[in-house]
Amino acid sequence: MASPESCYHCGQVVPDGIELSVNIAQQSRIMCCRGCQAVAQAIVDNGLGEYYSNRTALPGQGHEVLPDELKKLALYDHPDIQRSFVIDSGEDQREAVLILEGITCAACVWLNERHLKQLPGIRMVQVNYANHRARVAWNSSEISLSRILQEIQLLGYNAHPYSALQADALRQKKRKKDLQRLAIAGIGSAQAMMLSVGLYAGKWEGIDPNTVMLLRWFGLLLTLPVVTFSAMPFYRAAWSGLKSGHLNMDVPVALALITAFAGSVWVTVFGGTHVYYDSIGMFVLFLLGTRLLEAGARGKSVEAAENLLKLQPTMAVRLRAGQQEYIPVMDLLSGDSILAKPGETIAADGIVAEGVSTVDEALLTGEPRPVVKQPGDSVIAGSINLESPLTLTVTGVGENTILAGIVRMVDKAQSEKPRIATLADRAASWFTVALLVFTAVVGVAWLFIDRSQVLDIVLAVLVVTCPCALSLAVPAALAAAGSHLIKRGILVTRGHALETLARVNHVVFDKTGTLTQGKPVIVDVMALSDMPVAQCDVLAASLEQASEHPLAVAFKGRVLSADLRVVQNARNHPGQGVSGEVNGQTYYLGNQDFSPASQVMAEDYALRHPSATLVWLCDAKLALAVFVLEDPLREDAVQAMARLKARGINISILSGDNETTVRHVGNALGVDNLHWQQKPQDKLATLQALQRDGAIVAMVGDGINDAPVLAGAQVSFAMAAGTDVANQSSDIVLLSNRLDDVSQALETGRDTLAVMRQNLFWAVAYNVIALPFAALGYISPWLAALGMSISSMVVVLNALRLK
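Residues numbered from 1 in each chain as written. Predicted model: local features only at pLDDT ≥ 70, side-chain atom pairs only at ≥ 80, totals over all residues. Heavy atoms only, no water.

Our next topic: the packing of helix α15 (residues 454-464) against helix α27 (residues 740-775). Closest axis-to-axis distance for the α15/α27 pair is 9 Å, and the angle between their directions is 175°. Considering the angle they form, α15 stands roughly antiparallel to α27. Of the residues in α27, those in contact with I457, A460, V461 and V464 of α15 are Y766, N767, A770, L771, A774 and A775. The residue makeup of the contact of α15 with α27, split by class, is 9 nonpolar, 1 polar and no charged. (Axes fitted to C-alpha atoms, helices over the stretch in contact; angles between N-to-C directions. Helix = DSSP H or I, 4+ residues; strand = E, 2+ residues; numbered from the N terminus. Parallel < 35°, antiparallel > 145°, perpendicular 65-115°, else oblique. Contact = heavy atoms within 4.5 Å. Nonpolar A, V, L, I, M, F, W, Y, C, P; charged D, E, K, R; others polar.)

Within the largest apolar cluster, 51 residues are counted, with the highest numbers of intra-cluster contacts made by F234, L257, F283, V284 and V461. With 9 residues, the top contributor of residues to this core is α15. Excluding residues within four positions of it along the chain, L257 makes contact with A231, F234, Y235, I280, F283 and V284. Judged by nonpolar contacts, the second largest core, of 49 residues, contains A502, V504, L515 and I732. (Core = buried A, V, L, I, M, F, W, Y, C linked by side-chain atoms within 4.5 Å. Buried < 20%, exposed > 50% of the residue type's maximum accessible area, 1.4 Å probe, protein only.)

What follows covers the sheet that holds strand β26 (residues 673-675). What the 7 strands build is an open sheet, ordered β17-β29-β28-β27-β18-β25-β26; its pairing is mixed. Each edge of the sheet is formed by a strand with only one pairing partner; in this case those strands are β17 (490-492) and β26. Adjacent strand axes in the sheet meet at a mean angle of 20°, parallel and antiparallel pairs treated alike. Pairing between strand β27 (residues 697-701) and strand β28 (residues 715-719): 4 bridges, direction parallel. Bridging across to β28, A698 finds its partner in V715. Each of β17, β18 (506-510), β27, β28 and β29 (732-734) touches α27; the most contacted strand, β17, lies at about 50° to it. (Pairing = 2+ DSSP bridges.)

Turning next to helix α6 (residues 145-154). Residues separated by three or four positions in an α-helix point in the same direction, a consequence of the helix having 3.6 residues per turn. Burial runs high along α6: 7 of the 10 residues are buried. Along α6, the positions that sit buried rather than exposed are L145, S146, I148, L149, E151, I152 and Q153. In the stretch just after α6, G156 is the one whose phi turns positive, near 100°.

Looking at the protein as a whole, its pLDDT mean stands at 77, while 77% of the residues score no less than 70. The secondary structure element of the protein with the lowest average pLDDT is helix α26 (residues 724-729), at 50, and the one with the highest is helix α19 (residues 533-544), at 91. Low pLDDT, under 50, characterises residues 62-66; the predicted model gives this stretch 18 contacts beyond four residues in sequence or across chains. (pLDDT = per-residue confidence, 0-100.)

Quick look at the structure:
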């Protein structure tokens, strides 16, 4: 009787009587159902036939999207539903994070990315194979979210919105399965070891052959669950590697397990000298234990961020027409008024409208002291109101909150690999190839020396030099460091940042909003013309009403919003100021170089106010007024500069402010390398000059005029209180807004690089030392399993030392 045929797409058995096929690579391939036929035809029609030659595992069974399913998918187009997980970037631009079910290998990632990118309206698709998350950006006027989900389902995968709680549930489910595998391996290996004691003792003291036979059969039964259940992840990973042409570290592991078990079964059934059931159990047990430790270290940084999302409450108290009503947080809209009672967790991002209280933001910023919040201050979802009721105006809910943005940045950072990690992966791959070749050579050599020891020595070589420690050396250190930093309120958003931090020898600081508190106060206004001071205030506030610069807040706070004038042709001039037309007259507000009319008197006023920032209001001909602003230094600025100097780090200050003010700040901080009147292009040129002289530069800034220089530095920090564009241009965000954390990040970067080098040295040294002893027959398979596992554990535990 002929064996049943399998579906070329999903691998399921084709039912009798089904005659469906698709022409793939000029060959007719049989399908089990119309769903698989539709999926396969769509893949071929879109020019994605390479998927079938590159995949390393089979997907779920395809299915046609039925009308009822389409109705369910259409619900995701409803704006009320999208509010909870879709980011509205304006002008029909949308972005969402989806969980993809059914991802089994790298080819699945390639297929989904390639297929979705071909759809009209898709702006960006990134699928993270490690956590099965897909980040999709699209134009809602060209394509709907339901169409995107439908296309994913047509490929045979299921997609649904990402949820921190759901992600945590999936993680817990996987951890539970891993613990089950570890428990089975532990029980099996312990019992197999007890039986082995009898076999080993029997060789010395004498034992009945029937008893030997019985103990071996018991060993086989006890090891069978270990080999078939506990070790299954190694087989799958090895098969995926072989199918994709990439020899990963699981290939020698799987080869050693299969060889040892097959040899032991042969000896058990047909007779022979040695069985390896105890070695198999120990090998799997130690390897699973090491992988569990490594997974825990790797997941800490993501869990730390996702745990913040879980702190957000599900209900909120909305204020409407003087009445309080409890509603789901997802029903809140931007602009709604909500009440945060003392002791409650704040439900959404917002701005304080009424009330004064202190708020605990420690879990986000790492700052233990409560922060005073008053009208006009912003609050973050997940923080705790401590003292008095606050009335808040909602600014962000769901995916539009600051916490959700942090999770997105962590996810992005994890998907990027630093250079040293890429090199370690490549070295591990080449080492695996060399190991397999060396093992074959050793096996052939021992065939001529002593055939009875061939299997023992081959197994010992395969196991003792498994490149697990080499592959774990870098990822374990990066994961532990990332977890430690985020707990301190230091968010790494680029994969290369930690490696680069270790080499930094020069730190460049912006002044306003970085070294200073970023909350300047107007301490004096001097009219320089017939225009009254009150009218100058109105003009200045009107010009600044669309600006995000820290100085703008000081102007806008002096004037009621109802008094603001309409500004035509408003322009922001980074590093200089703002300009615009009011009632047909052009006005300029900025530093002394921004308007020639101010330069005549600038020097005299600068001498009178050496620690202040002078902002000039001018028209096309005259200087109308000068505003004197004081911006005190941050409390930890002096300490932060001292710590950096103690580490031998050079420090520079770049500022768009005048020379007198910058020199005053430099003297207060003990910094001599000062640059003033710097436009964005000037800051970038200064930075590039430092880099040409051999400096590895870290830039710390916060404003829109810092974005180019942040992007140009080898590694960059942005203060969390800064503008969005500054955060997007930086590699690290200081959620704590503490300057002292710059030194802490540099220290962690150096420690991380040191740990990575220690791990790599240990992994290489262990293999170099152990390999000759295994090849010469001095290491038994069970001792090889113990040595390999200890080597991997040393790497992981060394990484967990990072603090």
